[in-house]
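Here are the chains, one letter per residue:
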Amino acid sequence: MTNRKIEIFTGNCSLCDDAVKLVKEFASNSFTVNVYNIQKEPNRFQQYHIKAVPSIAIDGRVVHTGKPSRTQLEALGLTQRDDNLHKLTYLGMGI
């Protein structure tokens, strides 16, 4: 299976921190997540023509700007990681 790439472009803001946390929570093991800060890597921002943060690129294409919701991440093909899900309890089902 090919590993897909998520790039999160951030500044020094709480929305960016929240976006990084949420994307990492939803990025399955089939994704590599890289975070870039505008102050440390301005060339990367220019390469993607990033005008606002946070911004998210998947496989080299900017797909979202602003803090994403869980629904938006699911629409982008990300699903909550199994290790972050609550353990399911099967009661009375013989499982």
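As a reminder, the structure under discussion sits directly above these lines.
Keep in mind it's a predicted model, so treat the numbers as computed, not measured.

Conventions adopted
Residues numbered from 1 in each chain as written. Predicted model: local features only at pLDDT ≥ 70, side-chain atom pairs only at ≥ 80, totals over all residues. Heavy atoms only, no water. Pairing = 2+ DSSP bridges. Helix = DSSP H or I, 4+ residues; strand = E, 2+ residues; numbered from the N terminus. Axes fitted to C-alpha atoms, helices over the stretch in contact; angles between N-to-C directions. Contact = heavy atoms within 4.5 Å. Core = buried A, V, L, I, M, F, W, Y, C linked by side-chain atoms within 4.5 Å. Buried < 20%, exposed > 50% of the residue type's maximum accessible area, 1.4 Å probe, protein only.

Chemist: Provide a residue-level description of the sheet that holds strand S3 (residues 55-58), including the pertinent values.
Modeler: On the basis of which strands lie adjacent, the open sheet formed by four strands has the order S2-S1-S3-S4 and mixed pairing. Pairing within the sheet leaves two strands with one partner each, and these edge strands are strand S2 (31-37) and strand S4 (61-65). Between one strand and the next, the sheet's axes are offset by a mean angle of 25 degrees, whatever the strand orientation. Bridging between S3 and S4 involves four bridges; their strand directions are antiparallel. Its bridge partner being in S4, Ser55 is matched across the sheet by Thr65. Sheet strands touched by helix H1 (residues 14-26): strand S1 (4-10), S2 and S3. Its angle to S1, the strand with the most contacts, is close to 165 degrees.

Chemist: If you had to explain unusual backbone geometry to someone new, which residues and values would you point to?
Modeler: Cis geometry marks the peptide bond from Val53 to Pro54, where omega comes out at -5 degrees. If you trace the backbone, Pro54 turns up in the loop between helix H2 (42-48) and S3. For His49, which is not a glycine, the phi torsion comes out positive at approximately 60 degrees. Mapped onto the secondary structure, His49 falls in the loop between H2 and S3. We note that Asp59 has phi near 50 degrees; this positive angle belongs to a residue other than glycine.

Chemist: Report on the nonpolar core, specifying residues and quantitative values.
Modeler: If you look at the biggest cluster of nonpolar residues, it comprises twelve residues: Ile6, Ile8, Val20, Leu22, Val23, Phe26, Ala27, Phe31, Ile56, Ile58, Leu73 and Leu78. Looking at this core, the elements with two or more residues in it are S1, H1 and S3. With four residues, H1 is the single largest residue contributor to this core. In this structure, Ile6 is in contact with Val23, Ala27, Phe31, Thr32, Val33, Asn34, Ile56, Ala57, Ile58 and Leu78, ignoring residues within four places of it in sequence. Within the second largest apolar cluster, six residues are counted, among which are Phe9, Tyr36, Phe45 and Tyr48.

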